[in-house]
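This is what each chain is made of:
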Amino acid sequence: MTEISAIAAELRDRAGKGAARATRREGKVPGVIYGAKQTPICIAIDPRVIWAELHKPGFKTRLFDVDLGAGGKHRCLARDVQFHPVNDQPIHIDLMRVSADAVVHVKVPVHVANADKSPGVKRGGVVTIELHEVEVTCAPDAIPAEIVIDLAGLDIGASVHVNQLSLPAGVTPYHVGAAATVVTIAPPTVQRADAGEAPAAG
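A.B. asks: Any chance you could explain the sheet that holds strand S9 (residues 126–129) here in plain terms?
C.D. replies: Paired through backbone hydrogen bonds, the strands of a sheet run either parallel or antiparallel to each other. The 3 strands lie next to each other as S9-S14-S12, forming an open sheet whose pairing is antiparallel. Two strands bound the open sheet, and with one partner strand each, they are S9 and strand S12 (159–161). The average angle at which neighbouring strand axes cross in this sheet is 10 degrees, direction not considered. Inspection of the sheet shows S12 paired to strand S14 (residues 181–186) by 3 bridges, in the antiparallel sense. Note on S14: the bridge partner recorded for Val160 is Val183.

A.B. asks: Can you help me understand the environment of Met96 in this one?
C.D. replies: Residue placement: Met96 occurs in strand S7 (residues 90–97). Met96 gets classed as buried once you look at its relative accessible area, which sits at 16%. Between the C-alpha atoms of Met96 and Leu63, which are 33 residues apart in sequence, the distance is 9.8 Å. Aside from chain neighbours lying at most four places away, what touches Met96 is Tyr34, Arg75, Cys76, Leu77, Arg79 and Val104.

A.B. asks: Looking at this model, I keep getting lost on a positive patch on the surface. Mind explaining?
C.D. replies: A cluster of basic residues, Lys17, Arg21, Arg24 and Arg25, forms a positive patch at the surface. Counting through the fold element by element, Lys17 comes out in helix H1 (residues 17–25).

A.B. asks: Help me understand the environment of Ser118 in this model?
C.D. replies: Mapped onto the elements, Ser118 comes out in the loop between strand S8 (104–113) and helix H3 (119–122). Overall, Ser118 belongs to the buried group, its relative accessible area being 0%. In this structure, the C-alpha to C-alpha distance between Ser118 and Gly153, residues 35 residues apart in sequence, is 4.9 Å. Beyond its immediate stretch of four places on either side in the chain, Ser118 contacts Leu151, Ala152, Gly153, Leu154 and Ile185. For Ser118, the side chain forms a polar contact with the main-chain oxygen of Leu154, separated by 2.6 Å.

Criteria and thresholds
Residues numbered from 1 in each chain as written. Predicted model: local features only at pLDDT ≥ 70, side-chain atom pairs only at ≥ 80, totals over all residues. Heavy atoms only, no water. Pairing = 2+ DSSP bridges. Helix = DSSP H or I, 4+ residues; strand = E, 2+ residues; numbered from the N terminus. Axes fitted to C-alpha atoms, helices over the stretch in contact; angles between N-to-C directions. Buried < 20%, exposed > 50% of the residue type's maximum accessible area, 1.4 Å probe, protein only. Contact = heavy atoms within 4.5 Å. Patch = residues over 30% accessible without salt bridge, like charges linked within 9 Å, V, L, I, M, F, W, Y side chains within 5 Å. Areas by Shrake-Rupley, 256 points an atom, 1.4 Å probe, with all protein chains shown as cover. Salt bridge = Lys/Arg side-chain N within 4 Å of Asp/Glu carboxyl O. Lys, Arg positive; Asp, Glu negative; His and termini not counted. Charge placed at Lys NZ, Arg CZ, Asp CG, Glu CD. Polar contact = N/O pair within 3.5 Å; in protein donor to acceptor, adjacent residues only side chain to side chain.

Written out as structure tokens, the structure reads:
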């Protein structure tokens, strides 16, 4: 089951750059809720709320119940956060409404596990993640927080491809070939000299 986070927001009565600047002057982050064949809604969110959610794992794979008070609750996925180019503060957020029967496209982060149980890693092999994210399609309540690749038993030269991923039922890779490489264990970049090798004659 996909994690659902509840966040509070306020309705904004106007759209446009001028209204967005006014929202920022009030110390809040302007945003928009769109999708599900409904009229877009302009919102404002406390930047501390956005920062708190950004620092939790899987920001773009979690569902949000956005509470607008009298404006009702909207279940959403975070699609984009824009940041100030100088101070890195969030300056705009895009949230997409989702319904229970929808099919969503989500980029899921890839992580590796059990490197200490990989013969290849023990022999100095280098783990290379070729795809740091894999885009998938699924129902909103089936979004995986991450894709974990088990390196146990893998030796130097081993590769894991998209069609070898362990994905939950109903989760399908999208816009990526089944044979695309996700993770490899490459040979060491520097071969260690044999400790027993005799020194070269001078």
